[in-house]
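# Secondary and tertiary structure notes
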Amino acid sequence: MDIGGTSVRAGVVDRHGNVLDTARAPTPAGEAALEDSIVSAVSGLLGGRHRVTGVGLAVAGFVTTDRRSVLFAPHLAWRDAPVGDRISKRLGLPVVLEHDANAALFGEHRFGAARGAGVVLLVAIGTGIGGGLLLNGELFRGAHGVAPELGHLRLVPGGRACPCGKQGCWERYCSGTALSTTAIELLARHRGRSTVLLRDSADARAITGRKVAAAAREGDPLAQHAMSELARWLGEGLAMAADIYDPEVVVIGGGVSESAPLFLDDARDHYKKMITGAGYRPLARIRTAQLGDDAALVGAATLAADTC
């Protein structure tokens, strides 16, 4: 399962990384409702159609090193919660937790864009930003299981408020949520520059990242401006991350990566300009996730299969 701030998605995955069946529902606000949704989704997919040996939960939050509990999740209800044990008891199946970006990275390394690479950084851009780091084929989780939390690096001091409690976090300028926020801010200042967004969203609060991307594809200048801002912040954030980790490959995943043709080339240009030693060092290859929206599903299921 891929459990994000916007949706809960379940999938039955075989040992070759093929997704055989899926189900999706909006992410509930409360802790109990969220766990009910997970149990319901898994139970609905089973129904005698598939023989499942274990469940992997890809979670948008901090997971303990034993991969049984969620310490903190900025966009989810869990706080220091023994999620794995509770879900396992209700389903009667072994359950393994993993940070959603780690799960996506594991899936991409096993079956997708990072195959054969030694040092890989994954940046999953969705409701927020998740990060995953692979060192010589092993997931790096840090001393307490929370590394690398890239989305909450502060890129803009005193910038937009973030649910994590800080201001100016990377994901507040480079995510699906950020794309919506940027478009709304631009619309307030330059209302006459947009035709598609105004046509499709009479209420600014109804503007989503998906709507902005769709408008940009139609040539809406304000939406294209919002996409260029996302590209700028993606490039700057990648340059910062590359200065720290020096990856061989960077994989861009998450739901926003579906719109990569609208921003990735510009982001690469910003990355090349902003990285320390620009022009005098090898650069990481920046690729989109081959598994697309299924990366975290496939990775979580594969980790569960390897563990259970």
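Here we summarise the structure given alongside this text. (Residues numbered from 1 in each chain as written. Predicted model: local features only at pLDDT ≥ 70, side-chain atom pairs only at ≥ 80, totals over all residues. Heavy atoms only, no water.)

### Describing the overall build of the protein
Where we set the bar: Working definition: helices are DSSP H or I runs of at least four residues, strands are E runs of at least two. Numbering for both runs from the N terminus. Two things to know: the radius of gyration comes from C-alpha atoms, and the globule rule equals 2.2 Å times the number of residues to the power 0.38. Each residue's exposure class comes from its accessible area (1.4 Å probe, protein chains only) as a fraction of the maximum for that residue type: buried when under 20%, exposed when over 50%, partly exposed otherwise. Contact between two residues is taken to exist if any of their heavy atoms lie within 4.5 Å; hydrogens are not considered. The Shrake-Rupley method, run with a 1.4 Å probe sphere, supplies the accessible areas, and residue values consider only the shown protein chains as cover. In this tally Asp and Glu are treated as negative and Lys and Arg as positive; neither His nor the chain ends contributes. For charged residues, the charge sits on one atom: NZ in Lys, CZ in Arg, CG in Asp, CD in Glu.
The number of helices and strands found in the protein is 9 helices and 13 strands. By the compact-globule yardstick of 19 Å for 308 residues, the protein fits well, its C-alpha radius of gyration being 19 Å. Considered along the principal axes of its C-alpha atoms, the protein spans approximately 55 × 50 × 35 Å. Across the 308 residues that make up the protein, the buried fraction comes to 51%. Long-range contacts, defined as pairs at least 24 residues apart, comprise 64% of the intrachain contacts of the protein with a sequence gap of at least 6. As displayed, the protein has an accessible area near 13200 Å², and 51% of this comes from carbon and sulfur atoms. Within the protein, one finds 33 positive and 32 negative side-chain charges whose respective centroids are separated by 2 Å.

### Remarks on the sheet that holds strand S4 (residues 55-59)
Put simply, the rule is: Any two strands are treated as partners once DSSP identifies two or more bridges connecting them. Here the axes come from fitting lines to C-alpha atoms, over the contacting stretch only for helices, and the angles between their N-to-C directions go from 0 to 180 degrees.
Spatially, 5 strands are ordered S3-S2-S1-S4-S8 in an open sheet, and the strand pairing comes out mixed. The open sheet terminates on both sides in strands that have one partner only, identified here as strand S3 (19-26) and strand S8 (95-99). Looking at chain direction, strand S1 (residues 2-3) and strand S2 (residues 7-13) are connected through 2 bridges and run antiparallel. Counterpart to Asp2 in the pairing with S2 is Arg9. Packing of helix H1 (residues 31-46) onto the sheet brings it into contact with S1, S2, S3 and S4, and relative to S2 it is tilted by some 30°.

### A short note on the sheet that holds strand S5 (residues 62-63)
Pairing is antiparallel in the open sheet, where 3 strands are placed in the order S5-S6-S7. Looking at which strands have only one partner, the edges of the open sheet turn out to be S5 and strand S7 (79-81). The sheet contact formed by S5 and strand S6 (residues 70-72) spans 2 bridges and is antiparallel. Bridge pairing links Val63 to Val70 in S6.

### Notes on the pairing of strand S13 (residues 285-288)
Heads up, the rule is: Whether a crossover is right-handed comes down to one check: with the strands pointing away from the viewer, does the path from the first strand over the helix to the second run clockwise; if it does, it is right-handed.
In this sheet, S13 lies alongside strand S12 (residues 249-253) in parallel orientation, the contact comprising 4 bridges. Pairing of Val249 across the sheet is with Arg285, part of S13. With helix H8 (residues 264-274) bridging S12 and its parallel neighbour S13, the resulting β-α-β unit is right-handed.

### Some details on the packing of aromatic side chains
Note the threshold: Think of it this way: a Phe, Tyr or Trp ring, Trp meaning its six-membered ring, pairs with another when their centres are within 6.5 Å, and the plane angle makes it stacked under 30 degrees, edge-to-face over 60, tilted otherwise.
For the coordinates displayed, the defined rule picks out 2 aromatic pairs. Seen in terms of ring centroids, Phe62 and Phe72 are 5.8 Å apart; in terms of plane orientation they differ by 55°. Their pairing is tilted. With Phe62 in strand S5 and Phe72 in strand S6, the pair connects residues that are 10 residues apart, well separated along the chain. Assessed through its relative accessible area of 21%, Phe62 is described here as partly exposed. For Phe72, a relative accessible area of 24% corresponds to the partly exposed category.

### What about the state of the cysteines?
Inclusion rule: Our working definition of a disulfide is a cysteine sulfur pair at a distance within 2.5 Å.
Applying the stated rule across the entire model yields 0 disulfides. Unpaired in this structure, Cys162 has its nearest cysteine sulfur neighbour in Cys164, at a distance of 3.7 Å. A disulfide-free cysteine, Cys169 has its sulfur positioned 3.7 Å from the sulfur of Cys164, the nearest such atom.

### Notes on the pattern of salt bridges
In a structure, side chains of opposite charge can pair up when their charged atoms sit close to one another. Where we set the bar: Any Lys or Arg side-chain nitrogen found within 4 Å of a carboxyl oxygen on Asp or Glu counts as a salt bridge.
Under the counting rule described, the total for this entry stands at 18 salt bridges. Two residues, Asp293 and Arg9, come together in a salt bridge whose shortest N-O distance is 3.9 Å. Within this pair, whereas Asp293 is found in the loop between S13 and helix H9 (295-307), its partner Arg9 is found in strand S2, the two being separated by 284 residues in sequence. Residue classification places Asp293 among the partly exposed positions, given a relative accessible area of 26%. When its relative accessible area of 11% is taken as the criterion, Arg9 is described as buried. A salt bridge links Arg210 to Glu258; the nearest nitrogen and oxygen atoms lie 3.6 Å apart. Of the two residues, Arg210 is situated in helix H6 (residues 209-217) and Glu258 in the loop between S12 and H8; the sequence distance between them amounts to 48 residues. Classification of Glu258 by relative accessible area gives partly exposed; the value is 45%. Connected through shared salt-bridge partners, Arg9, Arg24, Asp293 and Asp294 make up one network.

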